[in-house]
Amino acid sequence: MEQEDAQTGIVDGAEEIVEIGQSLWAQADTLFQSFLRPWNAYQLAIIVGLFLLAHLLRLYLSPRLHEWLRTREGWPKWRLRLALVVQQRLRMVMFVVLIWSVGLIMREVTWPSRSYLLLIIANLALAWLIVSFAARLIANPLVRGIVRYGAWIWITLRILGLTDETEGILDGIGLQLGEMRISLWIIIQAVFVLGLFFFGARLISRTTAARIEAAEDLSPSMRVLVVKFLQVALYATAFFVGMRAVGVDLTGLAVLSGAIGVGLGFGLQKVVSNLVSGVIILLDKSIKPGDVISLDDTFGWINSLGARYVSVVTRDGMEYLIPNEDLITGQVVNWSHSNEFVRLDIHFGTAYGDDPHIVRKIAIDAASGVDRVLSYRAPVCHIVGFGDSSVDYILRFWISDPTGGLTNIRGNVYLALWDAFQEHGISIPFPQREVKVLEGSRIETGAGEN
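Residue positions are given per chain, counted from 1 along the sequence in the order it is written. Restriction of local features to residues with pLDDT of at least 70 applies here, the model being predicted, together with a cutoff of 80 or more for giving and counting side-chain atom pairs; totals for whole chains, interfaces and linings are based on all residues. Values shown for side chains rest on all heavy atoms present in the structure; no hydrogens or waters enter the calculation.

(A) Here's a closer look at helix H14 (residues 407-424). In this description a helix means any DSSP run of H or I spanning at least four residues, a strand means any run of E spanning at least two, and both kinds are numbered starting from the N terminus. A helix is expected to span 1.5 Å multiplied by its residue count minus one. Its 18 residues give H14 an end-to-end C-alpha distance of 26 Å, which sits within 8% of 26 Å, the value for a rise of 1.5 Å per residue. What H14 keeps buried is the set Ile-409, Val-413, Ala-416, Leu-417, Ala-420 and Phe-421. In an axial view of H14, the angular spread of the buried residues amounts to 130°, which keeps them on one side of the axis. Residues of H14 that are exposed and angled more than 90 degrees away from the buried face: Thr-407, Leu-415 and Gln-422. Relative accessibility thresholds used throughout: buried, under 20% of the residue-type maximum; exposed, over 50%; partly exposed, between the two (1.4 Å probe, protein chains only). Read the arc as the range of directions from the helix axis to the C-beta atoms.

Below is the structure:
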């Protein structure tokens with residue numbers, strides 16, 4: 001029974017499309033016949049002439065406008081961009097000005113029918129120009145192209161009075177899915193309404209995110225969490241409200257999405273695990289943007305927290321995308337979790353003939369004179385053992401900027417110790433061996449016989 005109803009609906013839709021098509025063909029034939037009338041032919045000639053004149057004016061004015069804009073150094077960027085857009089569409093701008101001027105003049109001095117075609121083209125050209133300028137506000141090239149051409153088609157049909165016929169044709173092309181019928185007209189409406197709602201959600205999200213990022217009373221991780229939650233909520237609301245606005249029943253969609261969710265849960269376990277781990281990281285504030293961390297062989301600072309991964313930038317400029325799950329299950333060293341202070345240790349040794357008290361004082365003074373070493377957390381030096389060839393020491397000092405690197409500060413302190421030891425005659429020993437040759441032993445030099 002349902003199959004027969006669906007077939008009947010398809011036949012009725014096809015007959016309706018044929019009737020509308022015949023009506024449109026009759027209107028097109030009438031329009032073509034009207035072009036053969038003398039005054040309509042004159043109007044077409046005037047339109048072509050005005051377009052050629054606009055093209056010549058563009059060839060003359062465009063280079064001069066470009067050179068004039070190059071001298072506007074004090075203008076803000078938005079004004080320069082607007083001027084460049086006007087220059088790129090100067091031919092259409094001139095055509096709109098010319099055709100509206102001629103059309104209004106002819107409407108006042110002649111019969112309205114003798115300027116009817118001119119004013120239709122003038123309305124179309126002005127609408128196309130406005131849409132072209134308005135579409136520049138959309139950053140995405142694909143979305144901008146869809147909006148531009150979609151608006152042009154809709155405005156053209158509206159001006160020509162063909163919206164009802166077009167809607168009938170598009171509504172006649174569709175499928176019957178149970179109690180719900182999906183036509184091409186509903187799909188186009190859904191795309192337009194969803195695009196409009198998503199654009200609004202994106203605009204609100206960006207504006208709100210900028211204000212949240214400027215809120216100093218929120219921690220960096222909490223800002224990221226609030227922004228992510230707000231984006232998900234806005235886009236989800238835009239989708240459901242948009243689908244309801246075009247009359248789509250979401251009850252069946254909810255059941256279908258539940259079944260798809262179960263299937264995806266098994267196939268995308270890692271993805272879901274990373275998403276949940278990302279939420280946990282944001283909630284417990286164990287890692288936040290700007291922290292310096294070490295994970296296995298990776299050492300760097302957190303650049304951003306994503307839904308699936310954390311971006312870590314190292315000192316050599318490489319950016320690692322570490323899955324959130326690794327940060328939850330692995331051992332992570334956060335050098336700046338509770339504060340920015342980091343203590344570094346340096347091991348060295350001096351000869352037994354050097355006074356340890358003097359060595360300790362020289363080492364502390366040398367480390368204190370290095371940039372980035374904190375003076376209010378003074379370095380300390382201790383003896384840690386008596387080695388085979390040296391007295392072993394450990395030098396400890398603090399820094400407050402681990403993002404500046406650890407290897408370079410250690411190198412600077414080592415270099416300061418070297419200079420200070422050389423200045424005070426402190427020697428750094430190295431292992432030495434004495435070889436005794438017993439009587440009667442034979443030494444072979446390894447040289448071959450001549």
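(B) Summary view of the nonpolar core. Grouped together as the largest cluster of nonpolar side chains are 25 residues, with contacts concentrated most on Phe-348, Leu-395, Phe-397, Val-413 and Leu-417. For this core, the elements supplying multiple residues, two or more each, are strand E8 (342-350), helix H13 (356-368), strand E10 (391-399) and H14. The biggest single contributor to this core is H14, with six residues. In contact with Val-413, not counting residues within four places along its chain, are Ile-346, Ala-367, Val-370, Val-373, Leu-395 and Phe-397. Formed by 16 residues, the second largest nonpolar core is a distinct cluster that contains Phe-95, Leu-117, Ala-122 and Ala-125. Residues enter a nonpolar core if they are buried and are Ala, Val, Leu, Ile, Met, Phe, Trp, Tyr or Cys, with the set joined through side-chain atoms within 4.5 Å. Only heavy atoms enter the contact rule, under which two residues are in contact if any of them lie within 4.5 Å.

(C) Geometry of the environment of Leu-119. Take Leu-119: it is sitting in helix H5 (residues 116-135). Those residues in contact with Leu-119 that sit more than four places away from it in its chain are Trp-100, Gly-103, Leu-104 and Arg-107.

(D) How the structure looks around the environment of Leu-59. Along the chain, Leu-59 turns up in helix H2 (residues 38-70). On the basis of relative accessible area, Leu-59 is assigned to the partly exposed category, the value being 45%. Considered as a pair, Leu-59 and Leu-90 are 31 residues apart in the sequence and their alpha carbons are 9.3 Å apart.

(E) Highlighting the packing of aromatic side chains. Here the aromatic set is Phe, Tyr and Trp, taking the six-membered ring for Trp, and pairing holds for ring centres within 6.5 Å; pairs whose planes are under 30 degrees apart are stacked, those over 60 apart are edge-to-face, and all others are tilted. Applying the stated criterion to the full structure yields five aromatic pairs. Where Phe-348 meets Phe-421, the ring centres are 5.7 Å apart and the plane angle is 50°; that geometry is what we call tilted. With Phe-348 in strand E8 and Phe-421 in helix H14, this pair connects stretches of sequence that are 73 residues apart. Judged on exposure class, the residue Phe-348 and its partner Phe-421 are both buried. Geometrically, a lysine NZ or arginine CZ counts as sitting over a ring once it is within 6 Å of the ring centre and also within 35 degrees of the ring normal. The ring of Tyr-60 is capped by Arg-64, whose NZ or CZ atom sits 4.0 Å from the centre of that ring. Geometry around Trp-398 places Arg-377 over its ring, the cationic atom sitting 4.7 Å from the centre.

(F) Quick look at the pattern of salt bridges. Salt-bridge detection follows one rule: a side-chain nitrogen of Lys or Arg within 4 Å of a carboxyl oxygen of Asp or Glu. Here the structure, examined in full by the defined rule, presents four salt bridges. Taking the shortest distance from any N to any O, the salt bridge between Arg-396 and Asp-345 comes out at 3.4 Å. Of this pair, Arg-396 sits in strand E10 while Asp-345 is found in strand E8, placing the two residues 51 residues apart along the sequence. On the basis of relative accessibility, which here comes to 27%, the residue Asp-345 falls in the partly exposed class.

(G) Structural context of the sheet that holds strand E9 (residues 380-386). Strands sit in the order E8-E10-E9 across an open sheet of three strands; the sheet is antiparallel. Sheet topology places E8 and E9 at the edges, where each strand pairs with a single neighbour. Within this sheet the neighbouring strands show an average axis-to-axis angle of 25°, counted without direction. Relative to E9, H13 is tilted by about 140°, and along the sheet it contacts E8, E9 and E10. Convention adopted: a line fitted to C-alpha atoms gives each axis, helices being fitted over their contacting stretch, and angles between N-to-C directions are expressed from 0 to 180 degrees. Contacting E8 and E10, H14 runs over the sheet at an angle of about 35° to E8. Pairing between strands is defined by DSSP: at least two bridges between them are needed.

(H) Highlighting a nonpolar patch on the surface. Patch membership requires more than 30% relative accessible area and the absence of a salt bridge. Residues of like charge join within 9 Å; the nonpolar side chains Val, Leu, Ile, Met, Phe, Trp and Tyr join within 5 Å. Here the open area of atoms and residues is found with the Shrake-Rupley method and a 1.4 Å probe, where only the protein chains shown may cover a residue. Side chains of Val-272, Val-276, Ile-280 and Ile-328 sit close together on the surface and give an oily, nonpolar patch of about 290 Å² of accessible area. Among the structural elements, Val-272 can be located in helix H11 (residues 269-284).

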